There are 2 protein chains.
Amino acid sequence: MQEAVDALGYHPRASARTLRSSRTHVIALALPRPAGQRNAVDGPFAIEVSDAAVRLGYDLLLTTSQDKAEGLRRVALSGLADAAVLMAVDMEDARIDVVRELAFPAALIGRPADEDALPWTDLDWEEAAALVVSELAAAGHREMVYLAPTEAEVVARRSYALRGIAGATRGARSTGAAVTVAHAVDDPAGLARRLRVLLTERADGGAGGRPTALIVQHPSAHHHILTSVTDAGLRIPEDLTVVVIGALPGDPAGRRLPRVELPVETLAGEVTRLAVAAATALHETAAGDVEAGPRLLADAVGHLLIAPALLPGDMPLTAPRA
Amino acid sequence: MQEAVDALGYHPRASARTLRSSRTHVIALALPRPAGQRNAVDGPFAIEVSDAAVRLGYDLLLTTSQDKAEGLRRVALSGLADAAVLMAVDMEDARIDVVRELAFPAALIGRPADEDALPWTDLDWEEAAALVVSELAAAGHREMVYLAPTEAEVVARRSYALRGIAGATRGARSTGAAVTVAHAVDDPAGLARRLRVLLTERADGGAGGRPTALIVQHPSAHHHILTSVTDAGLRIPEDLTVVVIGALPGDPAGRRLPRVELPVETLAGEVTRLAVAAATALHETAAGDVEAGPRLLADAVGHLLIAPALLPGDMPLTAPRA
DNA sequence: CTGTTAGCGCGTTCAG
DNA sequence: CTGAACGCGCTAACAG
């Protein structure tokens, strides 16, 4: 058989197979791209999801559209994919309504406000931030700066940004440490300026003294955070302890600092599994029963919230100098 | 009409359309991923190619396989895409033979040894390296280090790596400057060590004195190059001029240094155009004439070699101190 | 120019 | 158990 296949060069047409079986063996990755924004984690996620899909016998269709929901709707309606994986999830995400309305199988990388709407998986950003704050407090730090994602991310109600800030606030409350939440800016010069102000010239009149720890949740800032801090005239870790949240595994830039890594491979594998599971479940049930589809998708919402782990860098958490 | 479409919620099935018309309106992006390697430019390229494809009315299928050629062959044979865009091109790339054998329309990001095999587009890496060397020489530098991509990239005969090195060598010959070609390592600590040796403890006995300029072609190293150099005890630009080749536009890390940027958007747009052109040409001709396909694809090989531009950073090219 | 029909290639089903 | 035929949804080609 196989030799005949090879000899004749025969290969089934995917389109005919799909037309007949109504399965595409394709997963769509919905990657919204606000004009002009560059997100360092998009690429790695896309590649890992693709790998995970291949392992499950699926191909990956990359859907990048300015208008978040439009591309996804088109893909679902034209039957280009069996399921969708949604990246860069907002608290209330328009795409969630779209896939529910169309009864289209989907899974999210990111934890939306309505946790039972769709299957999702995410790092527990809130717990990560709270954990770092409390570990730093335990090491003796009383004044910290939490450098959250940019203002734009917060305005967009991006899930990871809001949850990170919530965790930092909770950590501050439960430990009694003073945590100033600031927003990153993409421009490195601007970021350096902001850090200088935050770390050396306390705007609040210096009620509690100079901050001794900096927590950085903005992924794009990880690379130049050291330079920025050094430029501000501070030595690490003598003057300032720096901890990174959401560092990419294998990223050399983050390896020196204590950090909570973003488990890209795990998240990608899990979200793909969830998406494929929803697709197969729908396919097996929807035969003849048009009501069953939406009901089934609503019931089969699994979650995986990944607990944060604080990894030591080359330089471990340091106690502030007296 | 449109209101009827919206009201009835009708949308044509892509699979039926494809089966009938033998056009998928999908472009495959072949992104080989040697196990465990992370390439910083893959993500941005994938996203830009996706955007370019959408603009031309195509969707993008991301094909990441360990075995470079196998995924591509499957996509072509099963008719999942109308054309392929090939990334991370080697001088003699196995995938080139595959698409030619199958008469499958394809275009490359990268300049292969056989320039007439397929349409391609690339930054002129050779000219970029030669340009930087000669500009540095003109500024008075006599001893330079060219930090090329890793040994592994060279062994794989990756096009951009070999051409960059060739350009550095040519630049050295034509200017009389001494250019030491070294290979980057992915481990940042190892890189720092290597740089220290190269920049301060010349292994050749110091025949020509300490290097006064460093040219970095390794994309992954751009982020921590400043830190590594600073750690080696050298001040920029007083002790050493650093120039970066292949920096990503908009990457904050590279913006401070003089650099030749990798025009990701242009390359992505152009390669997508080439791929779509090949696909439509094949489609229009192949009707009934089985011979015409391969002939046509062989004839329609357009190229675009992008001339490098040396951009000033915050700190312009500096003459070496006497 | 508009309406009708055949068939793209596969998987499933039904008859032999 | 093996083989033929039907139909998935669309578009191109053809007839009116």
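Given the structure is predicted, the values throughout are model-derived calculations rather than measurements.

### Topic: the packing of helix 9 (residues 188–200) of chain B against helix 10 (residues 222–231) of chain B
Residue and element names in this part refer to chain B.
- Where helix 9 contacts helix 10, the two axes come as close as 9 Å, and the packing angle between them is 50°. With respect to each other, helix 9 and helix 10 are oriented oblique. In this structure, helix 9 crosses over helix 10, and the sense of that crossing is right-handed. Note on element contacts: helix 10 touches helix 9 through His224, Ile225, Ser228, Val229 and Asp231, opposite Pro188, Leu191, Ala192, Leu195, Arg196 and Leu199.
- When its residues are assigned to classes, the contact of helix 9 with helix 10 shows seven nonpolar, two polar and two charged.

### Focus: helix 2 (residues 14–21) of chain B
All names here are of chain B.
- For helix 2, every residue scored as buried is listed here: Ala14, Ser15 and Thr18. Projection of helix 2 onto a plane perpendicular to its axis shows the buried side chains occupying an angular sector of 95°, all on one side.
- Positive phi shows up at Ser22, right after helix 2, with a value of about 55°.

### Examining the relation of the copies chain A and chain B
- Overlaying chain A on chain B yields an RMSD of 0.0 Å, the required transformation being a rotation through 180° with an accompanying axial translation of 0.0 Å. Seen this way, the second copy is the image of the first under a two-fold rotation axis. Nearest to the rotation axis, the C-alpha of A:Gly43 is located 1.8 Å from it, this being the minimum over chain A.
- In this assembly, 100% of the residues forming the interface of chain A have copies in chain B that are likewise at the interface, indicating an isologous arrangement.

### Structural notes on the pairing of strand 5 (residues 120–123) of chain B
Residue and element names in this part refer to chain B.
- Alternating positions in strand 5 separate into two faces, Trp120 and Asp122 on one and Thr121 and Leu123 on the other, with burial throughout.
- In the sheet, strand 4 (residues 106–109) pairs with strand 5 via two bridges, with the strands oriented parallel. Looking at strand 5, one finds that Ile109 is bridged to Thr121.
- Sheet topology note: the strand 5/strand 11 (residues 303–306) ladder contains four bridges and is parallel. Opposite Thr121, over in strand 11, you have Leu304 as the bridge partner.

### Quick notes on the pattern of salt bridges
- Taken as a whole and judged by the stated rule, the model has 28 salt bridges over all chains.
- Notably, a salt bridge pairs A:Arg73 with A:Glu101, separated by 3.0 Å at the nearest N-O pair. Within this pair, whereas A:Arg73 is found in helix 4 (residues 68–77), its partner A:Glu101 is found in helix 5 (residues 94–101), the two being separated by 28 residues in sequence.
- Relative accessible area serves as the criterion here: at 23%, A:Arg73 is assigned to the partly exposed category.
- Residue classification places A:Glu101 among the exposed residues on the basis of a relative accessible area of 55%.
- Here B:Glu270 and B:Arg273 are joined by a salt bridge, their closest N and O atoms 2.8 Å apart. Within this pair, B:Glu270 and its partner B:Arg273 are both found in helix 11 (residues 264–285), separated by three residues, close to a single helical turn.
- Among the charged side chains, a network of salt bridges with common partners joins A:Asp90, A:Glu153 and A:Arg158.

About the thresholds
Residue numbers run consecutively from 1 along every chain, following the written order of its sequence. In the order they appear in the text, chains get letters beginning with A and ligands get numbers beginning with 1. Local features are withheld for residues below a pLDDT of 70 in this predicted model, meaning they are given only at 70 or higher, and side-chain atom pairs are given and counted only at 80 or more; totals for whole chains, interfaces and linings count all residues. Excluding hydrogens and water, the side-chain values take into account all heavy atoms of the structure. Axes here refer to lines fitted to C-alpha atoms; in helices the fit is confined to the stretch in contact. Angles between the N-to-C directions go from 0 to 180 degrees. Numbering of helices and strands runs from the N terminus; a helix is a DSSP stretch of H or I covering at least four residues, while a strand is a stretch of E covering at least two. Roughly parallel means an angle under 35 degrees; roughly antiparallel, over 145; roughly perpendicular, 65 to 115; everything else is oblique. Handedness of a crossing is defined here by the sense of rotation of the near helix relative to the far one, left-handed for an anticlockwise turn of less than a right angle and right-handed for a clockwise turn. In what follows, residue pairs with any heavy atoms lying within 4.5 Å of each other are defined as contacts. Residue type decides the class: Asp, Glu, Lys and Arg count as charged, Ala, Val, Leu, Ile, Met, Phe, Trp, Tyr, Cys and Pro as nonpolar, and the leftover types, Gly among them, as polar. A 1.4 Å probe rolled over the protein chains alone gives each residue an accessible area, and that area as a share of the maximum for its type sets the label: buried under 20%, exposed over 50%, partly exposed in between. Here the arc refers to the directions that run from the helix axis out to each C-beta atom. Least squares is used to superpose the copies, and the fit set is the C-alpha atoms of residues whose pLDDT is at least 70 in both copies. Two strands form a pair only when DSSP identifies at least two bridges running between them. Salt bridge, as applied in this entry: a Lys or Arg side-chain nitrogen positioned within 4 Å of an Asp or Glu carboxyl oxygen.

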